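# Examination of the molecular architecture
The residues making up each chain are set out below.
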Amino acid sequence: MGGGGGEREEEEGVMATDFFWSYTDEPHASRRRQILSQYPQIKELFGPDPWAFLKIIVVVLLQLITATLLHDASWAKILIVAYFFGSFLNHNLFLAIHELSHNLAFSTPSYNRWLGIFANLPIGVPMSITFQKYHLEHHQYQGVDGIDMDIPSHTEAYLVRNVVTKSIWVILQLFFYAFRPLFLKPKPPGLWEFTNLAIQLGLDVAVVYFWGWRSFLYLIVSTFVGGGMHPMAGHFISEHYVFNPDQETYSYYGPLNLLTWHVGYHNEHHDFPRIPGNKLHKVREIAQEYYSGLEAHKSWSQVIYMYIMDCTVGPFSRIKRTSKKSE
């Protein structure tokens, strides 16, 4: 990586056998300081999104109502509705939970946790509280070996080496994303995790009891397909996978931001995680010179295609750095 940012030996046209290793700090903290020193008014954007609560309520109710309406639908209809409708709703809720992990609905952290547990309901699997623990480390220790669980494991990287295995990895990436930290860096569950589990199981049992397995499986399938070979799931790859060795984080400014809590503004988000998604465009407008020179993806679907088809790109296409504690 240029400027001493990262190094990796690789042959042209050949997938690497190691990560990009950086010997500098992650870029966002220093850029945040520079921007705030030049544009202190950006601090006025900090704080919760007053509409977050209402938006989450609407999506949760819409998805649960849809599930009840499909209680006697054919499996073909369930799959079609799940892919072309339910997947967008559940992925929206996953990214709502991402927003809540930064306390961007309420100023009181516990209120955000409760809303996160509520947003979790149509997803079918308890993940809201656990996600917050690991995601905040991803921000604080971006790329740090052994801490940032957003980075694929060596096992994934060694196994996923061609078009077929990369396609399978993309389809199953939500499972890797969810289970990777539980195997590599398990954290003991606390009261909040057990609360999340109990409430989620209660909803799942209620759905099966009152409306049957088809309604429940519609929710699960919506979660699964929405996190796999799906346009919205392209952000998992687009955010930090290295397509340009001189850049660590990538933004996307396309229309899918309207459905994804503007997570596409990812450089802006990492620079200012205390600003809600619906205001991140203002950061780019105010400090345009800091972002105009950065590469940005134009399509999340294109990112998935490039990841699968480009023989030089794979799970090793991530920037890692060693922990300062180990130096």
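Residues numbered from 1 in each chain as written. Predicted model: local features only at pLDDT ≥ 70, side-chain atom pairs only at ≥ 80, totals over all residues. Heavy atoms only, no water.

### Quick word on the overall build of the chain
- Each helix and strand counted, the chain has 15 helices and four strands in total.
- Compactness check: the chain gives a C-alpha radius of gyration of 20 Å against a globular reference of 20 Å for 327 residues, within 12% of the reference.
- Reported as C-alpha extents along the three principal axes, the dimensions of the chain are approximately 60 × 50 × 40 Å.
- Within the chain, the fraction of its 327 residues that count as buried is 52%.
- Sequence separation of 24 or more characterises 77% of the internal contacts of the chain that already satisfy a separation of 6 or more.
- Element-wise, carbon and sulfur atoms account for 64% of the exposed surface of the chain, whose accessible area totals about 15400 Å².
- Computing the positive centroid from 25 side-chain charges and the negative centroid from 29, the chain places the two 6 Å apart. (Helix = DSSP H or I, 4+ residues; strand = E, 2+ residues; numbered from the N terminus. Rg over C-alpha atoms; globule rule 2.2 N^0.38 Å. Buried < 20%, exposed > 50% of the residue type's maximum accessible area, 1.4 Å probe, protein only. Contact = heavy atoms within 4.5 Å. Areas by Shrake-Rupley, 256 points an atom, 1.4 Å probe, with all protein chains shown as cover. Lys, Arg positive; Asp, Glu negative; His and termini not counted. Charge placed at Lys NZ, Arg CZ, Asp CG, Glu CD.)

### Overview of helix α7 (residues 163-171)
- Within α7, burial applies to K166, S167, W169 and V170. Mapping the buried residues of α7 onto a view down its axis gives an arc of 160 degrees, with all of them on the same face.
- Elements in contact with the buried residues of α7: α6 (154-159), α8 (173-184), α11 (234-238) and α15 (300-309).
- Near the N-terminus of α7, the side chain that reaches the backbone nitrogen of V164, with its oxygen 3.1 Å away, is that of N162. (Arc of directions from axis to C-beta. Polar contact = N/O pair within 3.5 Å; in protein donor to acceptor, adjacent residues only side chain to side chain.)

### Remarks on the packing of helix α2 (residues 52-69) against helix α4 (residues 109-120)
- For the pair α2 and α4, the least separation of the axes is 9 Å and the interaxial angle reads 20 degrees. Our classification of the angle between α2 and α4 gives roughly parallel. When the axes of α2 and α4 are compared, the crossing they make is left-handed. Taken together, the residues of α4 that come into contact with α2 (itself represented by F53, I56, I57 and V60) are L115, F118 and A119. (Axes fitted to C-alpha atoms, helices over the stretch in contact; angles between N-to-C directions. Parallel < 35°, antiparallel > 145°, perpendicular 65-115°, else oblique. Left-handed = near helix turned anticlockwise from the far one by under 90°.)

### A closer look at the packing of aromatic side chains
- As enumerated under the stated definition, the model contains 22 aromatic pairs in all.
- Pairing W169 with F176 gives two aromatic rings, centres 6.2 Å apart and planes at 20 degrees, and the pair type is stacked.
- Overall, the relative accessible area of 3% leaves W169 in the buried class.
- When its relative accessible area of 28% is taken as the criterion, F176 is described as partly exposed.
- Centre to centre, the rings of Y241 and Y307 are 5.6 Å apart; their planes meet at 80 degrees, and the pair counts as edge-to-face. Here the residue Y241 occupies a position in the loop between α11 and β2 (251-252), and Y307 occupies one in helix α15, the gap between them amounting to 66 residues. (Phe/Tyr/Trp six-rings, centres within 6.5 Å; stacked < 30°, edge-to-face > 60°.)

### Re the pattern of salt bridges
- Within the structure shown, the criterion is met by nine salt bridges.
- Of the charged contacts in the structure, one is a salt bridge between K55 and D49, with a shortest N-O distance of 2.9 Å.
- The exposure class of K55 is partly exposed, given its relative accessible area of 34%.
- The exposure class assigned to D49 is buried, which follows from its relative accessible area of 2%. (Salt bridge = Lys/Arg side-chain N within 4 Å of Asp/Glu carboxyl O.)

### Observations concerning unusual backbone geometry
- A positive phi angle, close to 60 degrees, is found at N103, a residue other than glycine.
- Mapped onto the elements of the fold, N103 is located in the loop between α3 (75-101) and α4.
- Residue classification places N103 among the partly exposed positions, given a relative accessible area of 25%.
- Despite not being glycine, W261 shows a phi value in the positive range, around 55 degrees.

### Here we look at the confidence of the model for the chain
- Within the chain, residue pLDDT values average 94, and 95% of them lie at 70 or more.
- Predicted confidence for residues 1-6 stays below pLDDT 50, and this span has 17 contacts to residues more than four positions away or in other chains. (pLDDT = per-residue confidence, 0-100.)

### A word on the environment of V303
- Here V303 shows up in helix α15.
- For V303, a relative accessible area of 1% translates into the label buried.
- Each residue touching V303, except ones within four places of it in the same chain, is listed here: G234, I237, S238, F243 and H297.

### What about the environment of V14?
- The residue V14 is located in the segment before β1 (20-21) in this model.
- When its relative accessible area of 38% is taken as the criterion, V14 is described as partly exposed.
- For the pair V14 and H270, spaced 256 residues apart in sequence, the C-alpha separation works out to 31 Å.

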